[in-house]
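Fold and geometry: a report
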Amino acid sequence: MAHRLEVALKEGIEDPIGNRLLKEFKSHGYKASSIRTIEAYLVDSPKVTGADHLRELGEKLFVDPVLNDFSIDSPLGQKIGFDWYVEVGFKAGVTDNAARVARENLSLLTKEELTEKDPLASARAFLIKGDLTREEVSKAANELMVNHLIQTEVLIGNDEWEAHLGELYKIPHTAEGIEVKVETPDCSSLAQLMALNKERLLALSEEEGQIIVDYFSQPEIQQARVAAGMSAGPTDVELELLAQTWSEHCKHKIFNAHIEYTDDKGEVLEIKSLYKSYIQACTKEIRADLGKDDWCLSVFKDNAGIIKFDDDYSLAFKVETHNSPSALDPYGGALTGIVGVNRDSFGTGMGAQLIANTDVFCFGPPDYDKPLPKKLMHPSRIFEGVRLGVEHGGNHSGIPTVNGAIVFDDCFVGKPLVFCGTLSIMPAKHAGQPSEDKKAIPGDHILMTGGRIGKDGIHGATFSSLALDEDSPVSAVQIGDPITQKKMFDFLWVAKEENLYSCITDNGAGGLSSSVGEMSEDSGGCKLHLDRAPLKYQGLQPWEILVSEAQERMTLSVPPEKVGRFLALAKAMHVEASDLGEFTDSGDLECYYQGKLVAKMSMDFVHDGLPPMKLKAKWEAPNMTAETLPKVDAAEALKKVLARPNVASKEKVIRQYDHEVGGASVIKPLVGVNNDGPGNAGVLRPILASEEGIIVSNGLAPKYSPFDAYHMAACSVDEAVRNIIATGGDLERIAGLDNFCWPDPVESKTTPDGQYKLAQLVRSCQALYDYCKGFGVPLISGKDSMKNDANLDGQKISIKPTLLFSAVGKIKDINKAVTSDVKKSGQMVYILGDTKNELAGSEFATEYGLTGGLVPKVDLDSAKKRYETISGLTAKGIISAAHDCSDGGLAVTLAEMAFGGGFGIEVDVAVLASMSEITPTELLFSESASRLVVIVDKENRGELESAFTDQAVHFLGYSNCQPELVVHVGEDTILEASLADLKTAWQSTLG
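In this report, we go over the structure that sits alongside the text. (Residues numbered from 1 in each chain as written. Predicted model: local features only at pLDDT ≥ 70, side-chain atom pairs only at ≥ 80, totals over all residues. Heavy atoms only, no water.)

1. Examining empty space enclosed by the protein
If a probe as big as a water molecule is rolled over the atoms, it shows which places are left empty. If you walk through the whole model with that rule in mind, you get 6 cavities of 30 Å³ or more. If you add up the space inside the largest cavity, you get close to 120 Å³. Contributing to the lining of the largest cavity are 15 residues, with Tyr704, Cys715, Glu719, Arg722 and Ser886 lying nearest its centre. The greatest single-element share of the lining of the largest cavity, amounting to 4 residues, is contributed by helix H24 (residues 709-727). Of the residues assigned to the lining of the largest cavity, the class counts are 7 nonpolar, 2 polar and 6 charged. (1 Å grid on protein atoms, 1.4 Å probe; cavity = no way out; pocket = protein on both sides within 12 Å on 5 of 7 lines; lining within 4 Å. Points joined across faces, edges and corners; volume = space filled by probe spheres on them. Helix = DSSP H or I, 4+ residues; strand = E, 2+ residues; numbered from the N terminus. Nonpolar A, V, L, I, M, F, W, Y, C, P; charged D, E, K, R; others polar.)

In structure tokens form, the structure reads like this:
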């Protein structure tokens, strides 16, 4: 018999979840007057014999007697009252973390182990009051409450309560009695394989399909397979393994393609690999220049890039994307993104302690009011789901969030971009060897630890290698659990200290197929027993076990003599670990199921059997000319620009994240007298016994891509570097990470402009090389996501080409770190760098409907010299405050510095106007690159100006005690506004 435990807030206690949903109801025009919530837990197990166990569970785990009422087998719905009752739960097979916690605690209470065979589920009920029809409630549930990919709902009207009570006791069961078998589909011809390719979402091209057909048609291959007791043709296990390994998401085929690039002058350039020609080459050349002073320890070959922090510690950094899952399930997709990159960073080298998270999001506008294709959620819902998912993933893991950004644009309605990054630190040595060194050794056992395998995350890698469409699968979405992962990390750190393993990596895209497959490259082969893997429930096919991306799992190579201790330690620390086989030097990747060989392919074919793609790219230079600007009132224009979502305060979002946990944060995301001003970058002190610190920043400028992706990339690099310089860092020790997110750049029927989009990618890589090499910033890690399109309801929505450039720098003395806020009255305000008529793509231009103009261009030589000079001054303590000029231009920069400090600023920009033919509007709102506003005390004026001899340095004015921002051009006042009005505009947009 099923039992039901319900927990509700007492009458009169505010219900924050219900209130938030009520606001969303009203904003969407639904006439609800109140919404209350109930948390429910259902269990159907003979081990739970009655209400006593559930009562004890509720009292000890779920109920605060001051705040909550709870009931057992007596639903609270009618007691609380409602017009409409909507209960939302997970579908069968979807990870249910609340139910997992309940199961673990019931096991302790009953002193009997409850397993996945003991049905248990959680649900949340919404009790809605208001003048609403059934159709309206159903529509509201679909828009605001239920994600039908992973959830199901029960809708009951007040007058239907008794008749439908039984539905509240139904627990979703994973289908029983599924026949588990290895299939050998007929793939003897390309046509048959491609039909299967579409059916199974393998994301293989026809060329790749032909390679597979040809491989399995070789007589010697067939003879060897038959001799081993296998079919001559490929099994479904082998096909799925190849599809995952060869997916764009895992193989980065476009970045490794041979590209024939034609520029706008008709000159042709043959590029063997964008990755090798630009990204890898840049770092290789910088490292060669550094010689014996090279501080890059491991780049492009591990889960994260590793650099030297000091003689005793090394630093690792990785940023990942989780775009496609976040489009379908914003909460689950984003949560998985952050806990996944946590595993990446933890599993770097022989293991690293996690010290900080970063997050950067790109969404459709929160007030988007155009019709949406059926499968897409409204941007505001995606925004909130992603924000909450990353919050829960990071905060519950005990890792501070120190840096981030949010960009809004119509192009991200089809797919949001969700970038999650993690910094970690490790001892420089492990067991007497460099910590970055690791290798799976033949004879080592394959150990998997952490969570269990389920259907969630199946086809995640191939799904992320395709455009979003009506056939995008439920199974591709993973649900993360940071609590289980934290327990696993604690166990693995002890295992590391006991030196129990030879190699470690995470189970990310492709699951075991990727983790074991990649580690097997070290040893030269493996024997993997799929039936030994722990499952969330029965009925998974062998190929599903192999490719599932179910979360919280790591794979390790453990010497045979240490397996016993490893398993015993895991059991003692309540973490599951399983011995799945061994690494070999046979040259083959072999998988077994119930003693039978179900996959056997040469390592060479799996990893190197795919020849590079051959693509064409053709660049067409845009016609960029200056536009005639509208006449505007500067103060009103500034308010409008400050209120734009891309410029507006992100405090509402920032406050949801913990940036203090761990006690290492020096400069937080918000700065100033009231801790509500915008910071330039985050600063950490990872080793508390040292005064040395880490600066983390990012640059992101997709708005410039429609004009020229070269300058988009250049501005992204420059912004990230500039923010580190503004915070007190220097160019001697900055490392970069490149994360490319692109619309499909391969020409096809659905992408007729593929050659142009690929040319944009080429130009962005060229800019990345030019500016990273020029600044001396090596690239240590990166990722690309190449299919950010949505093909739905006959519409194609593609993102703008986007490069997120993340940077990590070192500051020699954290006490010299600089913030952006004005510190006192009477200080001198300078702008460093030249302001030009470069309004293309700017916030001002977009606000006033301008579509042309000149895009900002980075002058490498002057920027580098400027940054080196600033670093010298900040090291001496000469600069009191610094802020980069970026979104919104000079006017926004001055306003934000004033907000932070609570002081007014009065400046005269006549000196800027006299230098070129530039209007006051252009002076205020141009987004010319590489500029900073700095503030110094009067006594430091001489040192600042002498340091900038022969460079662009312009004195503008002073800070004061008047709560205003005033801008003059000589005797003309072009802007005068109260800080209170400007700050209200800035803070109101996102709440």
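2. Some points on the nonpolar core
If you look at the biggest cluster of nonpolar residues, it comprises 79 residues, and the most contacted ones within it are Ile259, Phe740 and Leu761. Considering each element in turn, this core owes the most residues, 12 residues, to H24. Other than its neighbours up to four places away in sequence, Ile259 contacts Ile254, Leu269, Glu270, Ile271, Leu274, Leu615, Ala617, Leu758 and Val762. Grouped together as the second largest cluster of nonpolar side chains are 49 residues, Ala243, Cys503, Leu540 and Ile545 included. (Core = buried A, V, L, I, M, F, W, Y, C linked by side-chain atoms within 4.5 Å. Buried < 20%, exposed > 50% of the residue type's maximum accessible area, 1.4 Å probe, protein only. Contact = heavy atoms within 4.5 Å.)

3. Section: the packing of helix H14 (residues 330-346) against helix H17 (residues 482-497)
In helix packing, the relevant descriptors are the interaxial angle and the interaxial distance, both defined with respect to the helix axes. Relative to each other, H14 and H17 sit at 5°, their axes nearing to 11 Å. Relative to H17, the element H14 is oriented roughly parallel. Taken together, the residues of H17 that come into contact with H14 (itself represented by Leu335, Val339, Asn342, Arg343 and Phe346) are Pro482, Gln485, Met488, Phe489, Leu492 and Trp493. Residues that form the contact of H14 with H17 fall into these classes: 8 nonpolar, 2 polar and 1 charged. (Axes fitted to C-alpha atoms, helices over the stretch in contact; angles between N-to-C directions. Parallel < 35°, antiparallel > 145°, perpendicular 65-115°, else oblique.)

4. Topic: the sheet that holds strand E18 (residues 503-506)
Sheet architecture is open: 7 strands sit in the order E18-E20-E17-E21-E19-E22-E23, paired in mixed fashion. Edge positions in the sheet fall to E18 and strand E23 (596-602), since each of these pairs with one other strand and no more. Neighbour to neighbour, the strand axes of the sheet diverge by 25° on average, direction disregarded. Pairing geometry for strand E22 (residues 588-593) and E23, over 6 bridges, is antiparallel. Counted as the bridge partner of Glu590 is Lys600 from E23. Along the sheet, helix H20 (residues 563-572) contacts strand E17 (445-450), strand E20 (553-558) and strand E21 (577-583); its crossing angle with E21, the most-contacted strand, is approximately 155°. (Pairing = 2+ DSSP bridges.)

5. Brief notes about the packing of helix H25 (residues 754-775) against helix H27 (residues 860-875)
Here H25 crosses H27 at 35°, and the two axes come no closer than 10 Å. In this structure, H25 meets H27 at a crossing whose hand is right-handed. Taking contact as the criterion, the partners of Asp770, Tyr771, Gly774 and Phe775 in H25 are, on H27, Leu860, Ala863, Lys864 and Tyr867. Its residues assigned to classes, the contact of H25 with H27 shows 5 nonpolar, 1 polar and 2 charged. (Left-handed = near helix turned anticlockwise from the far one by under 90°.)

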